[in-house]
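Structure at a glance
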Amino acid sequence: MEGLYVVNSRANSSALFSAHKFRAHQLLNPIPQKITYLRSMAQTHMLNHSPHKQFSIKAQMAEINAGLASMSNPTISNEDLLKIKEWEIGILQGELAASQGISIRRRPPSGPPPYYVGPFEFHLQNEGKTPCNILEEIIWYKDVEVSEMKKRKSLSMLKMLLDNAPPARDFVGALKAANLRTGVPGLIAEVKKASPSRGVMREDFDPVLIAKAYEKGGAACLSVLTDEKFFQGSFENLEVIRNSGVQCPLLCKEFIIDAWQIYYARVKGADAILLIAAVLLDLDIKYMVTICKLIGLAALVEVHNEREMDRVLALEGIELVGINNRDLGTFKVDISNTKTLLEGERGERIRERGIIVVGESGLFTPADIAYVQGAGVKAVLVGESIVKQKDPTAGIAGLFGKNIAS
Ligand SMILES: O=C(O)c1ccccc1NCC(=O)[C@H](O)[C@H](O)COP(=O)(O)O
C-alpha cells in the first residue's frame, strides 16, 4: 500500500485513503467478478443521479480504469494489486451506500482522507478517524474484530463445522405460534447484560438462568447479545444457552458486516441473525438473506426509518422485519416510531406479503405492548424491562399484564 502512495496524485492517494473493503461479496465471489458486477451497478445508479453526481461517478470509474491499467505494471506487488482492487470496490461501495441513504461509513483502513487545494494535498489530524456516532464506532471496531476472527477460523473451516452444528429451529414459526396462542405479540426476550446507552443492567448476570427464566415466562424466542466490547455479551453465552436444554429458538444479536459472521453464528447454535439496514447495502442484505436461507437461519432485518423500511420492502424473500424504536446513533427511544412506519401503504404491503413485524426497544408496560400491537406488530423484542427484574419470569407477566406461559 505504502508503495502506491504518490503525493499530489489524486488517483493514487485516494486509492490509499478510500480503500473501504466491499465485504458482502468477498467470501464467495472472485474479485474480478465483483468489480464487473459493481461497475454495472454504478452504471445503473447513474441513471438515477443528478448530472453532478453522474460526473462524480464517471470520474471515479475513470480512476478505476486507471487503476486497472496500472495492474499490468510488473513493479506492483500482488499485495498492492489486491489493495488497488479493494480501493476500486470501496469507491463504488461508498457511492452505493450514499445513494441508499446509509450514513454509517466503513472504517477507513489507513488514515484520514486527503483534502485538496489546487494541486496540493492536505491531511487533517484525526479527521475521518473518529466515528460519527456509537453505531459507527461499533461497526469500525467490529471490522477489526471480524478480520482477526477470520484469521483464526477460515470460512471453509466454518463450512465444515456446519454439519456438526445443532439443527436450526423455526424462529419465525415460533413467533407466529406464540402470537396465535396468547393473542399478544410473540416475545423475543433479550439476554442482555449491558448496553452503550444503559451501562450494566444486571451485575448477577447468569445467561443460562436468565434464558430459562424467560422460557418459563412464555418467551417464544430468545435474543442473545454476542458483542463483547459494547454489550458484555459473548458467543460462549449463545453456545451455552443452546446446549442448556432451552427450546426457544435463538437470535444471535450481533452487528453483522460480513457473511463469515452468519456461518459463525450458525456453528455456535443460532437459529436467526440480525441484519441492520442502517449499516448494510441493499445488495448486502439480499446476499446475506440468501445465505441465511441456504443454511436454515431466519433473518431479522432491522429498520429505523421510512427510507430503510422502503429499501427492505423492495427486496424479495424478506419474512421478518424489526422496527427499532431506538435510534442507534443517538439512543433516543420513541415507540411511536413503530406506528409511523406501519401506517398507510407500507403497512398494507407488509400485510399482503405476510411479513412478520417485530417491535423493538423501549417496551416497558402492558400499555406499550398494546400500543405496538395496535400498530400491527406480531412480535416484540424486549431487553431492559425484563432483564432488570429480580425474577425475569415474573417480569414477563408484568410486561404483558398477564401470564403468557402455556
Ligand atoms: O441498547 C443500546 O444502547 C444500543 C446501542 C447501540 C446499538 C444497539 C443498541 N441496542 C440494541 C437494541 O436495539 C436493543 O438491545 C433491543 O431492541 C432491546 O431493547 P430494550 O428493550 O430497550 O433493551
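Cut-off values and rules
- Residues numbered from 1 in each chain as written.
- Predicted model: local features only at pLDDT ≥ 70, side-chain atom pairs only at ≥ 80, totals over all residues.
- Heavy atoms only, no water.
- UniProt positions renumbered as here; feature names shortened; annotations may be inferred.
- Pairing = 2+ DSSP bridges.
- Helix = DSSP H or I, 4+ residues; strand = E, 2+ residues; numbered from the N terminus.
- Axes fitted to C-alpha atoms, helices over the stretch in contact; angles between N-to-C directions.
- Buried < 20%, exposed > 50% of the residue type's maximum accessible area, 1.4 Å probe, protein only.
- Contact = heavy atoms within 4.5 Å.
- Polar contact = N/O pair within 3.5 Å; in protein donor to acceptor, adjacent residues only side chain to side chain.

- The name given to the protein in an unreviewed UniProt entry is indole-3-glycerol-phosphate synthase, with the source organism recorded as Salvia divinorum.
- According to the UniProt record, the Pathway (unreviewed entry) comment for the protein reads "Amino-acid biosynthesis; L-tryptophan biosynthesis; L-tryptophan from chorismate: step 4/5."

**Here we look at the sheet that holds strand 9 (residues 298-303)**
- Judged by pairing direction, the barrel is parallel, and its eight strands sit side by side in the order 3-6-7-8-9-10-11-12 before closing back on the first. Recorded for the sheet is a direction-independent mean angle of 25° between the axes of neighbouring strands.
- The pairing of strand 3 (residues 186-191) with strand 6 (residues 221-225) spans four bridges and is parallel. Each bridged residue has a counterpart across the sheet, and for Val-191 the counterpart in strand 6 is Val-224.

**Focus: helix 8 (residues 207-217)**
- Listed as buried for helix 8 are Pro-207, Val-208, Ile-210, Ala-211, Ala-213, Tyr-214 and Gly-217.
- On its buried face, helix 8 sits against strand 3, strand 6, helix 9 (235-242), helix 16 (384-387) and helix 17 (392-400).
- Of the residues flanking the start of helix 8, the one acting as N-cap is Asp-206, its side-chain oxygen 3.1 Å from the backbone nitrogen of Val-208.
- At the C-terminal side of helix 8, Gly-218 shows a positive phi close to 105°.

**Digging into the side chain of Glu-190**
- Within the secondary structure, Glu-190 sits in strand 3.
- Given a relative accessible area of 4%, Glu-190 falls into the buried group.
- One polar contact links Glu-190 to Lys-253, side chain to side chain, over a distance of 3.0 Å.
- Those residues in contact with Glu-190, other than ones at most four positions away along the chain, are Tyr-214, Ser-223, Leu-225, Lys-253, Leu-381, Val-382, Gly-383 and Val-387.

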